[in-house]
Structure formats: structure tokens, C-alpha cells
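These are the residues of each chain, in order.
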Amino acid sequence: TDGMESASGREAVRRMNDMHGSYAISDDDMRYVLSTFVVMPSRWIESYGWRADTDAEQLANVRYYQRLGRLMGIRNIPSTFSEFADLMNSYERDHFGQDASAKAVAEATLHLFGSFYPWVPRRLMRVVSLSIMDPHLCAAFGFRRPAAAVVNASRAALKLRAKVVRWLPARRSPKHGRDLREVKSYGGGYRVEDLGTFPAGCPIIPVDEDRDRSDIPKRRRHVD
């Protein structure tokens, strides 16, 4: 909420770097994931939003993730949206393939996504999710793509929603991430340093553990 340069923003980046630092993740993989955050929201909005991004909004998104990438210690970060898109497309072309572990993560993600809308039948949510996946992504996970009629209907429904939203009264106040139902479920609030996972070797110790921290290894990636 307060931005990456705030105290809470820096703590969030440190927490993320601590989790990533527990695994041997290549810069190529880190750059690819970074590129998806730049490219895919813009493509989604162009396809299903009530209007496309403006040039200024797209540039702002590029600058945001360039800064985040530097704070994560990622090297050779693309300079423009087009470069991010080229990197993402080439990586997917060269590296996408079926993997049992990746499919397990995808299944868990689909299940989690379904929990965001408990009033929608899980089977329907899954079918719609698979319908709006890019074909090469669906194939890489080994998912059976729904029939063309279902794919067309799912995408048409999202485009219809965009047309409806376009004619609704404009929102007069921002909707912050802290206002989402998932965030409110923390009840009494949360501390950034307590969030996420703490795998073996993670250099951060949950706050409820009272122990000497002098033997904790230094982080692989630092916030500069």
C-alpha cells in the first residue's frame, strides 16, 4: 500500500527475497517470472478490460517491475514493454513442457482460485479457467482444453462484462488491496515478516521462535 520504498515495502521485498533465496533459481527463470507480471496484466486488460492501458500506465508498470527486479537482485532486466514481451514469449517457446510438479502447483492454484468465489460451482470455475488459458499454457500443464464452444462462450462472457462495466458509473474512490476479503480474513492484522513460507534453510526465523540468530546464513539476494 505504501510503496516499495517505504519501511513496510522494503520489509515485504526482504521477506520475498528470503523465500526465493532458499532455492537455486536461475536469473533466466527470475527474469521470465518478472516479465509475466509486466506483460500478462496488460494483455488481459486489452482482451477483457473495459478499456486498454494507456501508454503512461503501461510505462508505469514497466518501471515498477524494473525497480522490483533490481531489489530482487535480478540482472539484465529488459528496458521496455516490448523487450519484456519478447523475453516472455521466447522463454515460453524454448522451455515450456509438461512436468508433474508444475502440474501439481497448477492444480493447487486452480483450487485456490475457486475458493475466491465460493458461490460459483468449482467445476464451472475450472472449465472457465481452462477456457481462458492460452492454448500453449494449457498444453504445457497437460490439461484437456474445453470444447471450442465452451472456450468461445467463456471469453465472450468476459468481453460482455467489460462492455457492462464501461457504462457503469465511474468508481469515485480507490479499491485498495488491503480492502480485499482475503486480506480482511487476517482479522486482527498481520506482520509482513510473519507471512509466507519458511522452508529449510530460510534465513528468517518465525518471530515465535526465541533463539540466537547468529548462525543464520546471509541472504543470497539483498535489498539495496
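As a reminder, the structure under discussion sits directly above these lines.
Quick notes on the rules
Residues numbered from 1 in each chain as written. Predicted model: local features only at pLDDT ≥ 70, side-chain atom pairs only at ≥ 80, totals over all residues. Heavy atoms only, no water. Helix = DSSP H or I, 4+ residues; strand = E, 2+ residues; numbered from the N terminus. Buried < 20%, exposed > 50% of the residue type's maximum accessible area, 1.4 Å probe, protein only. Phe/Tyr/Trp six-rings, centres within 6.5 Å; stacked < 30°, edge-to-face > 60°. Lys NZ or Arg CZ within 6 Å of the ring centre and 35° of its normal. Core = buried A, V, L, I, M, F, W, Y, C linked by side-chain atoms within 4.5 Å. Contact = heavy atoms within 4.5 Å. Expected span 1.5 Å × (residues − 1). Arc of directions from axis to C-beta. Patch = residues over 30% accessible without salt bridge, like charges linked within 9 Å, V, L, I, M, F, W, Y side chains within 5 Å. Areas by Shrake-Rupley, 256 points an atom, 1.4 Å probe, with all protein chains shown as cover. Salt bridge = Lys/Arg side-chain N within 4 Å of Asp/Glu carboxyl O.

## Some words on unusual backbone geometry
Okay, so step 1: With a phi angle near 55 degrees, asparagine 76 is a residue other than glycine that sits in the positive phi range.
Okay, so step 2: Mapped onto the elements of the fold, asparagine 76 is located in the loop between α3 (55-71) and α4 (81-95).
Okay, so step 3: Residue asparagine 76 is classed as exposed on the basis of its relative accessible area, which comes to 65%.

## Describing the packing of aromatic side chains
Okay, so step 1: With the rule as written, the count across this model stands at 9 aromatic pairs.
Okay, so step 2: With a centroid separation of 5.7 Å and 75 degrees between ring planes, the pair formed by phenylalanine 113 and tyrosine 117 is classed as edge-to-face.
Okay, so step 3: The partly exposed category is assigned to tyrosine 117, whose relative accessible area is 34%.
Okay, so step 4: Linked through ring pairs, Phe113, Phe116, Tyr117 and Trp119 together constitute an aromatic cluster.
Okay, so step 5: When the ring centre of phenylalanine 198 is taken as reference, the NZ or CZ atom of arginine 15 above it lies at 4.2 Å.

## Some details on the nonpolar core
One broad rule of soluble globular proteins: the nonpolar side chains tend to lie buried together.
Okay, so step 1: The biggest cluster of nonpolar side chains holds 19 residues, and the ones touching the most others in it are Leu34, Val38, Val39, Leu68, Ile74 and Phe84.
Okay, so step 2: When sequence neighbours within four positions are dropped, the list of residues in contact with leucine 68 reads Met4, Val13 and Met16.
Okay, so step 3: Ala106, Leu130, Met133 and Phe143 belong to the second-largest nonpolar core, a separate cluster that totals 6 residues.

## Focus on α4
Owing to its 3.6 residues per turn, the α-helix brings residues three or four apart onto one side.
Okay, so step 1: Given a rise of 1.5 Å per residue, 15 residues ought to cover 21 Å, and the 21 Å separating the end C-alpha atoms of α4 matches this to within 8%.
Okay, so step 2: Buried within α4 are the following residues: Phe81, Phe84, Ala85, Leu87, Met88, Tyr91 and Glu92. Take α4 and look down its axis: the buried residues cluster within an arc of 160 degrees, on one side only. Along α4, exposed side chains directed more than 90 degrees from the buried face belong to Asp86, Arg93 and Asp94.

## Some details on a nonpolar patch on the surface
Okay, so step 1: Among the surface-exposed residues, Phe113, Tyr117 and Trp119 lie close enough to one another that they form a single nonpolar patch of about 350 Å² accessible area.
Okay, so step 2: Tracing the sequence through the fold places tryptophan 119 in the loop between α5 (100-115) and α6 (122-132).

## Section: the pattern of salt bridges
Okay, so step 1: Summed over all chains, the structure comprises 10 salt bridges.
Okay, so step 2: The partner of glutamate 11 in a salt bridge is arginine 14, with the nearest N and O atoms 3.9 Å apart. With glutamate 11 and arginine 14 both in helix α1 (residues 7-20) and 3 residues apart, this pair spans about one turn of that helix.
Okay, so step 3: Among the ionic contacts, a cluster of salt bridges with common partners joins Glu5, Arg10 and Arg67.

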